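Overview (structure and organization)
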Amino acid sequence: MLITSQFDSGNIEVIKGDDPSDIRLNIRKDSNSDFYQWFHFRLSGVADTPCKLTIENAGGSAYVPGWENYKVCASYDRESWFRIDTSFDGQKLSWNVEPEQDSLYFAYFAPYSMDRHADLIAEVSGSPLVRTSVLGHTLDGQDMDLVEVGFGPEGRKKIWMAARQHPGETMAEWWMEGALDYLLDEDNPVARALLDKAHFYIVPNMNPDGSRRGNLRTNAAGANLNREWNCATMERSPEVYLVREKMHETGVDFHLDVHGDENLPYNFIAGFEGIPSLTEKQSKLLAMYQDLLCVISPDFQQEHGYDTDEPGTANLSMCTNYMAETFGCLAMTLEMPFKDNDDLPDLEYGWSPERCRHLGRACIDTLAQMIDEL
Ligand code: ZN
């Protein structure tokens, strides 16, 4: 029996790995940080053998309520990630499985590797609608990729979208696949009409180092990128620094920051209600976008979400608040679940890559409905 995590986005520490009926594991902390919750590893050599796996340090992780009603993701082929019933006793997370094949992968959510990211960039580069560029490099020396879509008349709206500031929130890059696919479909009339009015600046992965290292929340230096927007430096958070520079160069009329939420089993949007310079127009656009998205996708809702900030109390180190305050635009944080959408549950797969892609398409559709209002 072997347990390994020495691969892209791997994360696990083996405490006891000699008895399939009592496998004990810990999740490794993020680089230079105390956060941890993301895991991804391979179990091999135990086909047709009853196994019990326990993550012993789950109770000390970043979002403990995230383990309640959570089901672990598993895959034989690394494409299809099904769910396995999982129990949490307040400290330990455990599940039983009898692998049908020699090798079985487990992860917190369907992983999105840097290899797949490179494939995505290469694939979209082939579209005549796309220009790709590298904004600079991360602390580990990886590329910060920017995808621009749409080259038409002057004066089009500047639409920014970014995913995976928190690298363990892989659903955000699955969402990007759906959004890009929808935008680049030359037979899609919604996309064609939208691209006459909008120029897209898309960062499919804001945190390549955290992604490859198997972190939940931080980059290589231990920085939580969504607390760096008013203080980014090339030494600590070059990812934010480089993107922010480009945003100031282009201007921003709309920004969508795509995330995953560990605790809540719903899709929802967080806004910028607490920024000092909040305008009536911004509030109206925020409500309009959410109302429209509710109509377009039954996977979206407005009942469950975060509490809104009191006026003037917004944390401007967070991307959405920083963007709304700095550019006076509509800026939003989209949160998707690690668990499932409890309004429309899928017992076999939970919230899944394919459902992320669908929501990505719906979000572009929603933007198209209100592009003239921005
Ligand atoms: Zn996040």
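So, here is what we can say about the structure in this document. Note that the coordinates shown come from a computational prediction; the quantities given were computed from them, not determined experimentally.

Our focus in this paragraph is the pattern of salt bridges. The final tally for this structure, using the stated rule, is 19 salt bridges. Where lysine 71 meets aspartate 85, a salt bridge forms, and the shortest distance between an N and an O atom there is 3.4 Å. Of this pair, lysine 71 sits in the loop between β5 (51–55) and β6 (72–75) while aspartate 85 sits in the loop between β7 (82–84) and β8 (87–88); the two residues are 14 residues apart in sequence, bridging distant segments of the chain. We classify lysine 71 as partly exposed; its relative accessible area is 27%. Note on aspartate 85: relative accessible area 58%, which makes it exposed. We note a salt bridge from glutamate 249 to lysine 246, for which the minimum N-O separation is 3.3 Å. Taken together, the residues span about one helical turn, with glutamate 249 and lysine 246 both in helix α5 (residues 238–250) at a distance of 3 residues. Residue glutamate 249 is classed as exposed on the basis of its relative accessible area of 61%. On the accessibility criterion, lysine 246 (17% relative accessible area) is buried. A cluster of three or more residues bridged by salt bridges with shared partners is formed by Glu79, Arg116, Glu177, Asp181, Glu354, Arg357 and Arg361.

Attention shifts here to the coordination of the zinc ion. The reference angle at a metal is 109.5 degrees if four donors form a tetrahedron and 90 or 180 degrees if six donors form an octahedron. In the first shell of the zinc ion, the protein supplies His166 (ND1), Glu169 (OE), Glu169 (OE) and His259 (ND1), at 2.1 to 2.4 Å from the metal. Around the zinc ion sit 4 donor atoms; with metal-centred angles ranging over 56 to 148°, the donor geometry is irregular. Between consecutive donor residues of the zinc ion, the sequence gaps follow H-x2-E-x89-H. Here glutamate 169 is found in the loop between β13 (157–163) and α2 (171–184), whereas its partner histidine 259 is found in strand β15 (residues 254–261), with 90 residues between them in sequence. For the pair glutamate 169 and histidine 259, a shared accessibility class is recorded, and that class is buried.

This next bit is on unusual backbone geometry. Of note in this structure, asparagine 32 is not a glycine but carries a positive phi near 50°. Under the relative-accessibility criterion, asparagine 32 is labelled exposed at 61%. The backbone of arginine 164 sits at a positive phi, close to 65°, despite the residue not being glycine. Assignment of secondary structure puts arginine 164 in the loop between β13 and α2. For arginine 164, a relative accessible area of 1% corresponds to the buried category.

Glancing now at the sheet that holds strand β4 (residues 40–44). The sheet built from 5 strands is open, its strands ordered β1-β4-β10-β6-β7 with antiparallel pairing. Either end of the sheet is taken by a strand with one partner, and the two such strands are β1 (2–4) and β7. Strand-to-strand twist of the sheet, defined as the mean angle between neighbouring strand axes without regard to direction, takes the value 30°. Direction of pairing for β1 relative to β4: antiparallel, over a ladder of 3 bridges. Looking across to β4, one finds that isoleucine 3 is bridged to leucine 43.

So, about the sheet that holds strand β2 (residues 13–16). Ordered by their spatial adjacency, 5 strands build an open sheet running β2-β3-β5-β9-β8, and the pairing between neighbours is mixed. Looking at which strands have only one partner, the edges of the open sheet turn out to be β2 and β8. By the bridge criterion, 2 bridges tie β8 to strand β9 (residues 93–97) in an arrangement that is antiparallel. Across the sheet, serine 87 pairs through a bridge with serine 94, a residue of β9.

Criteria and thresholds
- Residues numbered from 1 in each chain as written.
- Predicted model: local features only at pLDDT ≥ 70, side-chain atom pairs only at ≥ 80, totals over all residues.
- Heavy atoms only, no water.
- Salt bridge = Lys/Arg side-chain N within 4 Å of Asp/Glu carboxyl O.
- Helix = DSSP H or I, 4+ residues; strand = E, 2+ residues; numbered from the N terminus.
- Buried < 20%, exposed > 50% of the residue type's maximum accessible area, 1.4 Å probe, protein only.
- Donors = N, O, S within 2.8 Å, 3.2 Å for Na, K, Ca; no water.
- Tetrahedral: all angles 85-135°; square planar, octahedral: opposite > 155°, others 65-115°.
- Pairing = 2+ DSSP bridges.
- Axes fitted to C-alpha atoms, helices over the stretch in contact; angles between N-to-C directions.

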